[in-house]
Amino acid sequence: MTEYLAILGTSVGLTYLFILTLLEIVLGIDNIIFISIITDNLPKNKQRSARLIGLSLALVIRIIMLSLVSWLIVTGK
């Protein structure tokens, strides 16, 4: 496992981590904007719960997808 984390000690690994972090921030902001636009058509009393459910699902799906990609990388070697 430590050989997989060794790349973080290099400038290339840190660059990849920085780029991935920026992409996750941009996608998170995109989710917030999209879900806010979609839930504007709902009644006011349901908007908050719909936004909470939408953002929670987006977070869970993103974590699952990142876990799947990391699993594919680890098992592919």
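What you see is a predicted model, and the numbers here were worked out from it, not measured in a lab. (Residues numbered from 1 in each chain as written. Predicted model: local features only at pLDDT ≥ 70, side-chain atom pairs only at ≥ 80, totals over all residues. Heavy atoms only, no water.)

Engineer: Honestly, the overall build of the protein chain in this entry has me stumped. Any pointers?
Structural biologist: A count of helical and extended segments in the protein chain gives three helices and zero strands. The order of α-helices and β-strands along the protein chain, N terminus first, is α-α-α. For 77 residues, the compact-globule estimate of 2.2 N^0.38 gives 11 Å, and the protein chain exceeds it by more than 25% at 17 Å. For the protein chain, the spread of C-alpha atoms along the principal axes amounts to about 50 × 25 × 15 Å. Counting all 77 residues of the protein chain, 12% fall into the buried class. Summed over all atoms, the accessible surface of the protein chain reaches about 6500 Å², with 76% contributed by carbon and sulfur. A distance of 12 Å separates the average location of the 6 positive side-chain charges in the protein chain from that of its 4 negative side-chain charges. (Helix = DSSP H or I, 4+ residues; strand = E, 2+ residues; numbered from the N terminus. Rg over C-alpha atoms; globule rule 2.2 N^0.38 Å. Buried < 20%, exposed > 50% of the residue type's maximum accessible area, 1.4 Å probe, protein only. Areas by Shrake-Rupley, 256 points an atom, 1.4 Å probe, with all protein chains shown as cover. Lys, Arg positive; Asp, Glu negative; His and termini not counted. Charge placed at Lys NZ, Arg CZ, Asp CG, Glu CD.)

Engineer: Would you mind showing me how to read helix α2 (residues 11-39) here?
Structural biologist: Because each turn of an α-helix spans 3.6 residues, side chains separated by three or four positions in sequence point in the same direction. A rise of 1.5 Å per residue sets the reference length of α2, with its 29 residues, at 42 Å; its end C-alpha atoms lie 42 Å apart and thus fit the reference within 8%. Within α2, burial applies to Gly-13, Gly-28, Asn-31, Ile-35 and Thr-39. Against the buried residues of α2 lie α3 (44-75). (Expected span 1.5 Å × (residues − 1). Contact = heavy atoms within 4.5 Å.)

Engineer: Help me out: how do you make sense of the pattern of salt bridges in this one?
Structural biologist: Two side chains of opposite charge can pair, provided their charged atoms sit close to one another. Under the counting rule described, the total for this entry stands at two salt bridges. The residue Arg-62 makes a salt bridge to Glu-24 at a minimum N-O spacing of 2.9 Å. With Arg-62 in helix α3 and Glu-24 in helix α2, this pair connects stretches of sequence that are 38 residues apart. Across the pair Asp-40 and Arg-51 runs a salt bridge, and its minimum N-O distance is 2.9 Å. On the criterion of sequence distance, the pair formed by Asp-40 in the loop between α2 and α3 and Arg-51 in helix α3 is long-range, its members being 11 residues apart. (Salt bridge = Lys/Arg side-chain N within 4 Å of Asp/Glu carboxyl O.)

Engineer: It is not clear to me how the side chain of Arg-62 should be interpreted in this structure. Could you clarify?
Structural biologist: The exposure class assigned to Arg-62 is buried, which follows from its relative accessible area of 18%. Polar contacts involving the side chain of Arg-62 include one to the side chain of Glu-24, which spans 2.9 Å. Non-local contacts of Arg-62, meaning those with residues more than four positions away in its chain, are made with Glu-24, Leu-27, Gly-28 and Asn-31. (Polar contact = N/O pair within 3.5 Å; in protein donor to acceptor, adjacent residues only side chain to side chain.)

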